[in-house]
Amino acid sequence: MATGDKKNAIEKLKHELASVKFNFGKSWDVDVVASGDPNAFLVFARYALLGFSRSVSTYMTINNLVVDAQTDLAFMESVLRLMRREFKQNVSLSVDQFFQGGFVEH
């Protein structure tokens, strides 16, 4: 991915997170996000699925899709299962690739 493309993608991500009222505070460090550090993206995913909407969070819990108390590994496995099962999306990034860091290039 070219540097401009990455910068553009990060700006789009920031815009989308702002649209769901994500509190950037300490969780947003452009360099960390750009490096593909999985910890930054775990914060975003947990918020989007469990913090933004009580209805979504309840749906996830009732349907055993995502549980907040899961380990990071189990959480990401659940997210990928959610993508496959509920959204019929085949995510090309594996859980192992996600946790290797630098996945932002994929």
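Thresholds, definitions, all that
Residues numbered from 1 in each chain as written. Predicted model: local features only at pLDDT ≥ 70, side-chain atom pairs only at ≥ 80, totals over all residues. Heavy atoms only, no water. pLDDT = per-residue confidence, 0-100. Helix = DSSP H or I, 4+ residues; strand = E, 2+ residues; numbered from the N terminus. Contact = heavy atoms within 4.5 Å. Expected span 1.5 Å × (residues − 1). Buried < 20%, exposed > 50% of the residue type's maximum accessible area, 1.4 Å probe, protein only. Salt bridge = Lys/Arg side-chain N within 4 Å of Asp/Glu carboxyl O. Polar contact = N/O pair within 3.5 Å; in protein donor to acceptor, adjacent residues only side chain to side chain. Phe/Tyr/Trp six-rings, centres within 6.5 Å; stacked < 30°, edge-to-face > 60°. Lys NZ or Arg CZ within 6 Å of the ring centre and 35° of its normal.

Draft legend 1. Molecular detail of the confidence of the model for the protein chain. Across the protein chain, the average pLDDT comes to 84, with 92% of residues at or above 70. Mean pLDDT in the protein chain bottoms out at helix α2 (residues 30–35), which sits at 84, and peaks at helix α5 (residues 72–85), which reaches 89.

Draft legend 2. Fine view of the side chain of Ser57. Residue position: Ser57 is located in helix α4 (residues 54–62). If we ignore the near neighbours within four places in the chain, the residues touching Ser57 are Leu49 and Leu50.

Draft legend 3. Molecular detail of α5. With 14 residues, α5 ought to run about 20 Å at 1.5 Å a step, and its terminal C-alpha atoms sit 20 Å apart, in line with that. Among the residues making up α5, those that are buried are Phe75, Met76, Ser78, Val79, Leu80 and Leu82. On its buried face, α5 sits against α3 (38–51), α4 and α6 (95–100).

Draft legend 4. Spotlight on the pattern of salt bridges. Counted under the stated rule, the structure contains two salt bridges. Here Glu86 makes a salt bridge to Arg85, at a shortest N to O gap of 3.6 Å. For Glu86, a relative accessible area of 32% puts it in the partly exposed group. Judged by its relative accessible area of 39%, Arg85 falls in the partly exposed class.

Draft legend 5. Main features of α4. Where α4 starts, the residue carrying a side-chain oxygen 3.3 Å from the main-chain nitrogen of Ser55 turns out to be Ser53. The positive-phi residue at the C-terminal boundary of α4 is Asn64, with phi of around 50°.

Draft legend 6. Spatial organisation of the packing of aromatic side chains. The tally for this structure, following the rule as stated, stands at six aromatic pairs. On the numbers, 5.3 Å between centres and 85° between planes, the contact of Phe22 with Phe24 is edge-to-face. Across the pair, Phe24 and Phe22 agree in class, each one buried. Ring geometry for Phe22 and Phe44: centres 5.3 Å apart, planes at 85°, overall edge-to-face. Remark: Phe44 occurs in helix α3 and Phe22 occurs in the loop between α1 (3–19) and α2; sequence separation between them is 22 residues. Residue classification places Phe22 among the buried residues on the basis of a relative accessible area of 7%. Cluster of aromatic residues (ring-pair linked, three or more members): Phe22, Phe24, Phe41, Phe44, Tyr47 and Phe52. Lying over the aromatic face of Phe24, Lys14 brings its terminal NZ or CZ to 5.7 Å of the ring centre.

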